[in-house]
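# Structural description and commentary
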Amino acid sequence: MSEETTSEPLGELALQTLAMPKDTNANGDIFGGWLVSQMDLAAGIISKKATKGRSTTVAIQNVTFLRPVSVGSTVSCYCYVVKRGRTSVHIAVDVRTSHQLNQIDNLKVAEGLFVFVAIDDEGKPRPLPD
Ligand SMILES: CC(C)(COP(=O)(O)OP(=O)(O)OC[C@H]1O[C@@H](n2cnc3c(N)ncnc32)[C@H](O)[C@@H]1OP(=O)(O)O)[C@@H](O)C(=O)NCCC(=O)NCCS
């Protein structure tokens with residue numbers, strides 16, 4: 001197992017959930033689309049703090065699935081702000097899984113960069129707060 005998949009995650013734990021049987025793909029592992037959705041939710045929580053209000057996902061970049069996720073795994077999404085622009089914020093997401101029965105702990109299974117834009121009541125970009 002590479003050092004990259006077992007090293008300590010960077011950032012704060014933004015979201016933790018359980019991988020359920022309804023979220024599987026044809027191989028019986030967890031569906032990638034479900035995982036991206038969890039990553040988007042986690043980054044959205046961090047974006048809400050960073051933008052102090054409404055924001056929306058404008059881009060999802062470089063999502064990589066490093067390992068399959070099995071049903072029953074605890075899925076933890078760690079996030080940190082990589083870059084702040086005028087209206088946008090770039091948030092790195094690092095996904096870890098733990099599975100007691102399979103003796104897996106803190107295994108990095110996916111990563112990606114999520115770009116959010118702070119928006120006003122009309123859905124138009126607004127400058128980030130200080
Ligand atoms: C997000 C949205 C409000 C941006 O509106 P816009 O008029 O295109 O805004 P701008 O061109 O002024 O760009 C706003 C910021 O987003 C950044 N941005 C725009 N497209 C981007 C892309 N593809 N990748 C990375 N950043 C991007 C710009 O660089 C800019 O950042 P900055 O102000 O920090 O320099 C608009 O595109 C939108 O409503 N999209 C739908 C969002 C949505 O529904 N998401 C949920 C998933 S369906």
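Residues numbered from 1 in each chain as written. Predicted model: local features only at pLDDT ≥ 70, side-chain atom pairs only at ≥ 80, totals over all residues. Heavy atoms only, no water.

## Re the overall build of the protein chain
Tallying secondary structure elements over the protein chain gives 2 helices and 5 strands in all. Overall, the protein chain shows an N-to-C arrangement of helices and strands of α-β-α-β-β-β-β. The C-alpha atoms of the protein chain give a radius of gyration of 15 Å, which matches the 14 Å a tight globule of 130 residues would have. Taken along its principal axes, the extent of the C-alpha atoms in the protein chain is 45 × 30 × 20 Å. Residues counted as buried form 40% of the 130 residues belonging to the protein chain. Taking all contacts inside the protein chain whose residues are at least 6 apart in sequence as the whole, residues at least 24 apart take part in 71%. (Helix = DSSP H or I, 4+ residues; strand = E, 2+ residues; numbered from the N terminus. Rg over C-alpha atoms; globule rule 2.2 N^0.38 Å. Buried < 20%, exposed > 50% of the residue type's maximum accessible area, 1.4 Å probe, protein only. Contact = heavy atoms within 4.5 Å.)

## Describing the nonpolar core
Membership of the largest hydrophobic core comes to 24 residues, with the highest contact counts inside it found for Leu35, Ile91, Val93 and Val95. Taken together, the elements giving at least two residues each to this core come down to strand 1 (12-18), helix 2 (32-51), strand 3 (74-84), strand 4 (88-99) and strand 5 (104-118). For this core, the leading source of residues is helix 2, giving 7 residues. When sequence neighbours within four positions are dropped, the list of residues in contact with Val95 reads Leu35, Met39, Val75, Ser76, Cys77, Leu107, Lys108, Val109 and Ala110. (Core = buried A, V, L, I, M, F, W, Y, C linked by side-chain atoms within 4.5 Å.)

## Digging into the site of the ligand
Contacts to the ligand come from 14 residues, most closely from Thr56, Thr57, Arg86, Thr87 and Ser88. A distance of 2.9 Å is found between a nitrogen atom of the ligand and a backbone nitrogen or oxygen belonging to Thr57. Protein burial of the ligand: of its 970 Å² of free accessible surface, 43% is covered by the chains. Mapped onto the shell around the ligand, the elements with two or more residues apiece are strand 2 (55-65) and strand 5. Looking at the shell around the ligand, the element that brings in the most residues is strand 2, giving 5 residues. Of the residues contributing to the shell around the ligand, the split by class is 6 nonpolar, 7 polar and 1 charged. (Near = heavy atom within 4 Å. Polar contact = N/O pair within 3.5 Å; in protein donor to acceptor, adjacent residues only side chain to side chain. Areas by Shrake-Rupley, 256 points an atom, 1.4 Å probe, with all protein chains shown as cover. Nonpolar A, V, L, I, M, F, W, Y, C, P; charged D, E, K, R; others polar.)

## Topic: the sheet that holds strand 5
Overall, antiparallel pairing links the 5 strands, which are arranged 1-3-4-5-2 in an open sheet. Pairing within the sheet leaves two strands with one partner each, and these edge strands are strand 1 and strand 2. Along the sheet, successive strands turn relative to each other by an average axial angle of 25 degrees, direction set aside. (Pairing = 2+ DSSP bridges. Axes fitted to C-alpha atoms, helices over the stretch in contact; angles between N-to-C directions.)

## Focus on the side chain of His90
Following the sequence through the fold, His90 ends up in strand 4. Residue classification places His90 among the buried positions, given a relative accessible area of 13%.

## Looking at the environment of Leu101
Among the secondary structure elements, Leu101 is positioned in the loop between strand 4 and strand 5. Accessibility expressed as a relative area gives 78% for Leu101, which makes it exposed. Sequence separation between Leu101 and Ile119 is 18 residues, and the spatial gap between their C-alpha atoms is 44 Å.

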